[in-house]
Amino acid sequence: FEVSVKDENVEEDSSTVQEKSFENVSMKKFKCNFCEYCTSRNDHLKNHVKRIHEKLKNYKCDYCDHKTARNCDLKQHIETKHLGIKKHKCTQCDYQASQKFKLKHHINGVHLGIKDHKCTHCDYETTEQATLKRHVNSIHLNIKNHKCTLCDFQTSQKRNLRVHIDGVHLGIKNHKCNQCEYQATEKSNLKQHINGVHLGIKNHKCSYCDYHATQKSKLKIHVESVHLHIKIINVGTVTIKQIDLEILNNI
């Protein structure tokens, strides 16, 4: 049995588990000294060690500071981030993805309702482990490592920082409403605007009163401020929520 490989830089999944699945178990004679990874090819083992353990990133993007360990990953980065190429299209909606696994997560979460990763602190569910981790760090641990150099804005995600800079400091708002003068930096914000303002769709209902909101975050703010009487206290760069325990116990 032979595995024919045309290009040594052929695209491989970043997950070690998925890398293993492409090879016959009986042929995995090359074992990593640092973890349990095994492979049938010595060059695959070398690439694994360089990428996973030595963290070598020899391929640099010509458009930004991004670096990667594999040429195929760099190509994918350029196509996704700089060229906007999204080859994988959903057959049920307008969603497009640059990677096949992202399309699969979209279909599972949006169309099939499959969300295997659940938060232990709240009712949040998602299709990806990485997304759940970002949720916990941002919402429950309040970890915000990405800071704006132009103001005091902080966020847990690099993407949110980029959106903040584009919208607030650079005034870049590419998504425009066709019914009014509203403009947004993100397509999702424009969709929420159209649903709430023009279509009157408010799916998030308060369980204590008749209040409805277009966004879950706005409903949360309403409940905390109106029903729980939570006071926001800023101590330096740390935000503290002070809860009225007497009111909380009576709910």
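The protein chain carries the name C2H2-type domain-containing protein in an unreviewed UniProt entry, which gives Cryptolaemus montrouzieri as its organism. Under the Sequence similarities (unreviewed entry) heading, UniProt states for the protein chain: "Belongs to the krueppel C2H2-type zinc-finger protein family." Taken verbatim from the UniProt record of the protein chain, the Subcellular location (unreviewed entry) comment is "Nucleus".

**Side note on helix α7 (residues 187-198)**
Look at α7: 16 Å from first C-alpha to last across 12 residues, which is about the 16 Å you get at 1.5 Å a residue. Taken together, the buried positions of α7 are L190, H193 and G196. The buried residues of α7 occupy one face: seen down the axis, they fall within an arc of 140°. For α7, the exposed residues lying more than 90 degrees away from the buried face are K187 and K191. Summarising the contacts, the buried residues of α7 are in contact with β11 (175-176) and β12 (183-184). Two residues or fewer past α7, G200 is found with a positive phi of approximately 70°.

**Here we look at a positive patch on the surface**
A surface patch of positive charge is lined by K81, K86, K102, K158, R162, K187 and K191. Of all the secondary-structure elements, those providing two or more residues to the positive patch are α6 (158-169) and α7. Of note, K81 is situated in helix α3 (residues 71-82).

**Some points on α3**
Here α3 spans 16 Å end to end across 12 residues, near enough to the 16 Å set by a 1.5 Å rise per residue. Listed in full, the buried residues belonging to α3 are C72, L74, Q76, H77, I78, E79 and T80. In the core, the buried residues of α3 are packed alongside β3 (59-60) and β4 (67-68).

**Examining the UniProt feature "domain: C2H2-type" (unreviewed entry) in the protein chain**
Taking the numbering used here, the UniProt-annotated feature "domain: C2H2-type" (unreviewed entry) corresponds to residues 30-58, 59-87, 88-116, 117-145, 146-174 and 175-203. Within residues 59-87, the helical portion is 41% and the strand portion 14%, while the C-alpha atoms at the span's ends are 23 Å from each other. Across residues 88-116, helical content stands at 41% and strand content at 14%; the span's end C-alpha atoms are separated by 22 Å.

About the thresholds
Going along each chain's sequence as written, the residues are numbered from 1 onward. Since the coordinates come from a predicted model, pLDDT governs what is reported: local features require at least 70, and pairs of side-chain atoms require 80 or more to be given and counted, while whole-chain, interface and lining totals use all residues. Values shown for side chains rest on all heavy atoms present in the structure; no hydrogens or waters enter the calculation. UniProt positions are given in the numbering used here, feature names are shortened, and annotations may be inferred rather than shown by experiment. Think of it this way: any DSSP run of H or I at least four residues long counts as a helix, any run of E at least two long counts as a strand, and we number them from the N terminus. Helix span, as expected, comes to 1.5 Å for every residue beyond the first. The buried label goes to any residue with under 20% of its type's maximum accessible area, the exposed label to any with over 50%, and the partly exposed label to all in between, with areas taken from a 1.4 Å probe on protein chains only. Starting at the helix axis, one direction is taken to each C-beta atom, and the arc is that of these directions. Whether two residues touch is decided by their heavy atoms; if any such pair falls within 4.5 Å, the residues are in contact. The patches reported here contain residues having more than 30% relative accessible area and no salt bridge. Joining distances are 9 Å for like charges and 5 Å for nonpolar side chains (Val, Leu, Ile, Met, Phe, Trp, Tyr). Computed with a 1.4 Å probe, the accessible areas rest on the Shrake-Rupley method; for each residue, only the protein chains presented here act as cover. Salt bridges, as used here, are contacts in which a Lys or Arg side-chain nitrogen is within 4 Å of a carboxyl oxygen on Asp or Glu. For the purpose of counting charges, residues Lys and Arg are taken to be positive, whereas Asp and Glu are taken to be negative. His and the chain ends are not included. By convention, the point assigned to a charge is CZ for Arg, NZ for Lys, CD for Glu and CG for Asp.

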